[in-house]
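What follows is the residue order along each chain.
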Amino acid sequence: MKKDTVTITDNATGKSFELPVTRGTMGPRAIDISRLYRDHDFLTFDSGFQSTASCSSQITYIDGEKGVLLYRGYPIDQLAGQSTFLEVAYLMINGELPTAAQLEDFQGNIRRHTMIKESLKGFFKGFYHDAHPMATMVAVAGSLSAFYHDTLDIHNPLHRELAAYRMIAKMPTIAAASFKHSISEPLIYPKNNLSYCGNFLHMMFSLPSEDYQVDPIAEKALDMIFILHADHEQNASTATVRLSGSSGANPFACLSSGITALWGPAHGGANEAVLRMLSQIGSIDQIPKYIAKAKDKNDPFRLMGFGHRVYKNYDPRAKLIRQMCHEVLNKISGTGDPMLELAMRLEEIALNDEYFIERKLYPNVDFYSGLIYKALGIPVNMFTVMFAIARTVGWVAQWMEMISDPDQRIGRPRQLYTGSQQRDYVPMKKR
Ligand code: CMC
């Protein structure tokens with residue numbers, strides 16, 4: 001049988017060598033270049049990792065051309081339609097769907113860890129009321145490493161499991177506390193008889209002085225959005241968590257590094273940027289002006305919520321969330337929300353414009369998530385925080401997969417050096 005290899009010919013020297021080709025269960029084959037530098041004195045250059053698999057993983061599969069997203073083999077639409085966020089979390093971490101007893105046990109473990117230490121509450125007071133909640137999240141999530149460090153052995157699977165429960169359970173509590181601090185309201189304790197999303201809504205919107213009823217539509221919508229955002233293979237924040245974790249760093253510190261990477265407008269910050277963009281556009285008659293700006297290479301303006309590094313087809317999550325968006329807006333804020341009308345018109349115009357068609361720029365999941373959050377009364381600066389709560393499940397699952405891999409090594413990318421050749425130091429007087 002023919003060996004699965006590729007042959008590289010160095011035209012400068014006329015020499016050829018073979019590189020092994022490796023296969024996953026689905027998706028493109030990968031050229032194994034791990035010995036390329038050692039054996040052949042070559043590096044590969046791939047700015048932005050457009051053709052580089054940085055690890056092997058069994059968690060999430062994406063086919064960007066066909067618009068497919070699978071978690072542990074299950075299509076995202078089946079999970080979003082039939083599962084719950086915590087069941088998906090179990091699936092992500094453990095690899096299989098839980099039985100009823102396993103799910104009950106898992107949910108119980110999450111519930112047990114929703115509280116944060118009383119002394120941690122002091123951290124929030126250190127922030128000015130106008131601090132961006134993502135800044136607070138980066139700091140407070142990272143500070144959990146101070147509470148759980150010496151007692152945590154990442155090489156012990158039970159310790160890893162406990163860290164996973166803590167991260168998934170405490171993120172909504174920290175997120176809601178960041179919000180409450182920013183509006184000078186008392187921090188609300190979790191209520192463990194509520195669902196994961198119901199509890200989050202309770203901590204966000206209730207007051208100690210009043211009764212609060214969780215809206216089931218809001219609870220369901222949030223649960224589905226969280227499922228859609230739970231993982232997305234090696235995106236910038238997940239790759240950051242893996243890279244930080246590869247050095248053996250504390251997992252809560254790794255979580256904080258993931259939140260940091262997520263914050264940028266090209267990644268998780270896009271949902272916030274979409275709403276700001278829609279406000280900036282203001283009305284339907286202004287759309288052509290902004291489409292022209294987006295197409296102008298000399299103008300930094302981009303249509304936020306359009307385009308994706310991996311999906312060169314409709315984002316499968318966007319299809320599901322678009323439907324949910326209409327449902328929520330009809331049931332919660334009534335029809336005729338001018339922001340939604342503006343968004344739908346923008347979507348239609350962009351989808352029929354040659355520039356966007358040619359570049360396969362479709363609306364992504366964040367084009368719609370912000371509109372739903374707005375309808376649920378979640379402030380714009382909390383949008384990326386919502387993404388962070390959901391993605392914590394993916395970060396945790398990927399971190400656990402990496403640490404439990406016996407072949408795991410510290411991540412250490414190389415570079416193509418383009419600086420000065422070696423030169424001698426010039427004393428100040430001679431410069
Ligand atoms: N508006 C206008 N033009 C765009 C856009 C956009 N949103 N996105 C890409 N382009 C153009 C870009 O100018 C380039 O044109 P040309 O080939 O003529 O130079 C072409 O499309 C390819 O773009 P790219 O920058 O090479 O694509 P990328 O894969 O590096 O970037 C992206 C992907 C998501 C960063 C980018 O599409 C973008 O900035 N989108 C807006 C921000 C956004 O919605 N981000 C959320 C991503 S989904 C959530 C997540 O998973 O984090």
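It should be noted that the structure appears before, not after, this text.
Please read all numbers here as calculations on a predicted model, not as lab measurements. (Residues numbered from 1 in each chain as written. Predicted model: local features only at pLDDT ≥ 70, side-chain atom pairs only at ≥ 80, totals over all residues. Heavy atoms only, no water.)

Caption draft 1: Structural detail: empty space enclosed by the protein. Considering all chains together, one arrives at 3 cavities of 30 Å³ or more under this definition. Of the voids in this model, the largest cavity is the one considered here, and its volume is about 120 Å³. In terms of lining, the largest cavity is formed by 13 residues, of which the most central are I116, T173, L187, I188 and Y189. At 4 residues, the largest contribution of residues to the lining of the largest cavity is made by helix α7 (residues 157-182). Estimates place the volume of the second largest cavity at around 40 Å³. Taken together, M167, V241, P251, C254, L255, W395, V396 and W399 make up the full set of residues lining the second largest cavity. Of all the elements in the fold, those that place two or more residues in the lining of the second largest cavity are α11 (251-263) and α18 (383-403). Here the residues of the lining of the second largest cavity are counted per class, giving 8 nonpolar, no polar and no charged. (1 Å grid on protein atoms, 1.4 Å probe; cavity = no way out; pocket = protein on both sides within 12 Å on 5 of 7 lines; lining within 4 Å. Points joined across faces, edges and corners; volume = space filled by probe spheres on them. Helix = DSSP H or I, 4+ residues; strand = E, 2+ residues; numbered from the N terminus. Nonpolar A, V, L, I, M, F, W, Y, C, P; charged D, E, K, R; others polar.)

Caption draft 2: Representation of the sheet that holds strand β3 (residues 30-31) within the structure. Strand order in the open sheet made by the 3 strands is β1-β2-β3, with antiparallel pairing throughout. Among the strands making up the open sheet, the edge pair consists of β1 (5-10) and β3. Judged from the 2 bridges that link them, strand β2 (residues 15-22) and β3 form a sheet pairing that is antiparallel. Counted as the bridge partner of T22 is A30 from β3. (Pairing = 2+ DSSP bridges.)

Caption draft 3: Molecular detail of the pattern of salt bridges. Counted according to the given criterion, the structure contains 17 salt bridges. In this structure, the salt-bridge partner of K121 is E118, at a minimum N-O distance of 3.3 Å. We note a salt bridge from R276 to E272, for which the minimum N-O separation is 2.5 Å. Taken together, the positions of R276 and E272, both in helix α12 (residues 270-281) and 4 residues apart, correspond to about one turn of that helix. With relative accessibility at 45%, the residue R276 sits in the partly exposed group. Here E272 falls in the buried class, since its relative accessible area comes to 9%. Within the structure, one salt-bridge network assembled from shared partners comprises D4, R23 and R29. (Salt bridge = Lys/Arg side-chain N within 4 Å of Asp/Glu carboxyl O. Buried < 20%, exposed > 50% of the residue type's maximum accessible area, 1.4 Å probe, protein only.)

Caption draft 4: Representation of the site of the ligand within the structure. Taken together, 21 residues surround the ligand, and among them H267, R302, L303, G305 and R309 come closest. Backbone polar atom of F306 to a nitrogen atom of the ligand: 2.9 Å apart, as the coordinates give it. In the model, an oxygen atom of the ligand is placed 3.0 Å from a nitrogen or oxygen of the N364 side chain. Residues of the shell around the ligand, tallied by class, amount to 9 nonpolar, 6 polar and 6 charged. (Near = heavy atom within 4 Å. Polar contact = N/O pair within 3.5 Å; in protein donor to acceptor, adjacent residues only side chain to side chain.)

Caption draft 5: Region of the structure containing the pairing of β1. When β1 meets β2, the two strands line up antiparallel, connected through 6 bridges. Paired with T5 across the strands is P20, a residue of β2. Between the antiparallel neighbours β1 and β2 lie 4 residues, among them G14 with a positive phi of about 80°.

Caption draft 6: Quick look at the side chain of S178. Residue placement: S178 occurs in helix α7. Dropping the residues within four chain positions of it, S178 is found in contact with F124, P133, T136 and M137. (Contact = heavy atoms within 4.5 Å.)

Caption draft 7: A look at the sheet that holds strand β6 (residues 74-75). With respect to topology, 3 strands assemble into an open sheet ordered β4-β5-β6, the strand pairing being antiparallel. In this open sheet, the two strands that pair with only one neighbour each are β4 (60-63) and β6. Pairing of strand β5 (residues 68-71) with β6, which is carried by 2 bridges, proceeds in the antiparallel orientation. Looking at β6, one finds that Y71 is bridged to Y74.

Caption draft 8: Highlighting the pairing of β5. One ladder, built from 4 bridges, connects β4 with β5; its direction is antiparallel. Following the sheet pairing, T60 is matched in β5 by Y71.

Caption draft 9: Main features of the nonpolar core. Grouped together as the largest cluster of nonpolar side chains are 117 residues, with contacts concentrated most on Y71, F226, L278 and L303. If you tally residues by element for this core, the top one is α18, at 15 residues. Once you skip the residues sitting within four places of it in the chain, L278 turns out to touch M339, L342, A343, L346 and L371. (Core = buried A, V, L, I, M, F, W, Y, C linked by side-chain atoms within 4.5 Å.)

Caption draft 10: Region of the structure containing helix α8 (residues 196-205). Extensive coverage of α8 is indicated by the burial of 9 of its 10 residues. All buried positions along α8 are accounted for by Y196, C197, G198, N199, F200, L201, H202, M203 and M204. In this fold, the buried residues of α8 make contact with α3 (85-94), α4 (100-112), α7, α9 (216-229) and α18.

What is shown is where atoms sit, not what they do.
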